[in-house]
Amino acid sequence: VGRDTLLPQIGSYYTKEIEVLDYSIIVVRDTEEKIRAFHNVCPHRGNKLVWDGHPKNEVSGRCPTFICKYHGIGYGLDGKVSLLKDPDAWFGSQGRDLQLAEVPVETWNGFIFVNFESGGPSQSLREYMGQHIWNALDDFPTELYTERVFAKSEINSNWKTLHDAFSEGWHGSTLHSQAMVGLRNVIFRNPPSRFEGPHRTALACGTYSPDQHNFEIERISKASVTGTRLPPARPILPPKSGVPDGREDWLCITYTIFPNFQFQIYAPGWIMLYHYWPLSHNQMRFEVTQYYQPAKNFTELFAQMVGVSIVSDNVRQDLGTLEATQRGLQARVFDQYPLIDEENNLRHFHFTIDQRIKAYEAEQSKPKG
């Protein structure tokens, strides 16, 4: 649901809307600099606690106390009531006992995860991820990637259609053929993948061709669809990352954490995050975040910003096909769709989805009482 750099100081907070659960949460850094999360609901009368302009809008800021707009009751960074209007009007200790509902939080390389499991988490984040992904970025300096570019969009398609699109590179040679002219020997077929439970790691490889480009701005800025071509071309990844020892032609490594989060490292030295948030059976919100190390000079900054622009164009190409995919799927003309070997990551994803649905149906069918 975010990164610790979004909470730079004590009292820094942001809200996150999770519509598929009808939840809104507040993520905050408390007085002991601990990251905490609370349901964004006042325990007095159920009013949404932190919002501005319209209750559905996400907000961020810094404050010592969260004040309910309805009756002026305040809650501290620990979630406990800190400002109580008319304290003598409450029955017994009801007013003093007011407290926000806390949500369990864990972090992975600075990225914040929350758990809404009824009764509390049945396993730790480390147990859920598995050892390979949990340790993949050991000794990788994620803390140096502090420059952030964020975008989001709502799309009239099921969330899994975009997840599928970003789970294979086979479409790149067609959908992104114009933007990909600056690359040669890119392997779109059978990307090396590693499956671990519901999660996976996938590797894309290839080499840069500095003499090929679509637009003059790419040559001038030394930027491409996978980022800047300025040296150093590739960050050094730790042995546990999943890039085979000695393989120097890797372009991108993707860690997919089931169900809706993908974390990518691109060889030119940036981090990309994808979030897929269901809104309904045929509507979703897509979020993409890019992280860079601070540019040392204008040349690096120019290359980064042109790279951002090129990536944005390619993401729009991906988004542009989704409503067509949705309309075709919901016509229910076909009961089955074949997946070739280049789409093995889709096989894994939908196999996992199928397992989860069957487990849920089995649980629901058990006799009650």
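Rules used in this analysis
Residues numbered from 1 in each chain as written. Predicted model: local features only at pLDDT ≥ 70, side-chain atom pairs only at ≥ 80, totals over all residues. Heavy atoms only, no water. Pairing = 2+ DSSP bridges. Helix = DSSP H or I, 4+ residues; strand = E, 2+ residues; numbered from the N terminus. Axes fitted to C-alpha atoms, helices over the stretch in contact; angles between N-to-C directions. Expected span 1.5 Å × (residues − 1). Buried < 20%, exposed > 50% of the residue type's maximum accessible area, 1.4 Å probe, protein only. Polar contact = N/O pair within 3.5 Å; in protein donor to acceptor, adjacent residues only side chain to side chain. Core = buried A, V, L, I, M, F, W, Y, C linked by side-chain atoms within 4.5 Å. Salt bridge = Lys/Arg side-chain N within 4 Å of Asp/Glu carboxyl O.

Novice: So what exactly am I meant to see when it comes to the sheet that holds strand E22 (residues 283-292) here?
Specialist: Sheet strands line up and pair through hydrogen bonds in the backbone, either parallel or antiparallel. Reading across from one edge, E12-E22-E21-E20-E19-E15-E14 is the order of the 7 strands in this open sheet, with antiparallel pairing throughout. Since the sheet does not close on itself, it has two edges, and those belong to strand E12 (147-155) and strand E14 (193-196), each with one partner. With strand direction ignored, the average angle separating the axes of adjacent strands in the sheet is 15 degrees. Bridge count between E14 and strand E15 (residues 199-205): 4 bridges; the pairing is antiparallel. Bridged to serine 193 within E15 is alanine 202.

Novice: Explain the sheet that holds strand E5 (residues 60-62) here, please?
Specialist: Pairing within the open sheet is antiparallel, and its 5 strands lie in the order E5-E2-E3-E4-E9. At either margin of the open sheet sits one strand with a lone partner, and together these are E5 and strand E9 (102-103). Relative to strand E4 (residues 35-39), strand E3 (residues 23-29) runs antiparallel, the two sharing 5 bridges. Each residue of the ladder has a partner; that of arginine 29, found in E4, is isoleucine 35.

Novice: Can you help me understand helix H6 (residues 298-320) in this one?
Specialist: Residues spaced three or four apart along an α-helix point in a common direction, a consequence of the helix completing one turn every 3.6 residues. When the terminal C-alpha atoms of H6 are compared, their 33 Å separation across 23 residues agrees well with the 33 Å that a helix rising 1.5 Å per residue should span. Those residues of H6 lying buried are Ala303, Gln304, Val306, Gly307, Val308, Ile310, Val311, Asn314, Val315, Asp318 and Leu319. The N-cap residue of H6 is asparagine 297: its side-chain oxygen and the backbone nitrogen of threonine 299 are 3.1 Å apart.

Novice: Help me understand the nonpolar core in this model?
Specialist: Inside soluble globular proteins, nonpolar side chains tend to come together where they are buried. Ranked by size, the top nonpolar core spans 26 residues in total, and within it Trp108, Phe113, Met129, Trp250, Ile253, Phe263 and Ile265 carry the most contacts. Looking at this core, the element that brings in the most residues is strand E19 (residues 250-257), giving 4 residues. Grouped together as the second largest cluster of nonpolar side chains are 23 residues, Leu162, Phe258, Met284 and Val308 included.

Novice: Is there a simple way to think about the pattern of salt bridges in this case?
Specialist: A pair can form between side chains of opposite charge whenever their charged atoms are brought close. Under the definition given, this model contains 11 salt bridges. For lysine 48, the salt bridge is made with glutamate 17, and the minimal N-O distance between the two is 2.9 Å. Taken together, the residues lysine 48 in the loop between E4 and E5 and glutamate 17 in strand E2 (residues 12-18) connect sequence positions 31 residues apart. Side by side, lysine 48 and glutamate 17 carry an identical accessibility label, which is buried. The salt bridge partner of arginine 347 is aspartate 341, with a shortest N-O separation of 3.6 Å. Taking the relative accessible area as the measure of exposure, aspartate 341 reaches 46% and is therefore partly exposed. Here the salt bridges do not stand alone but share partners, grouping Lys16, Glu19, Arg285 and Glu287 into one network.

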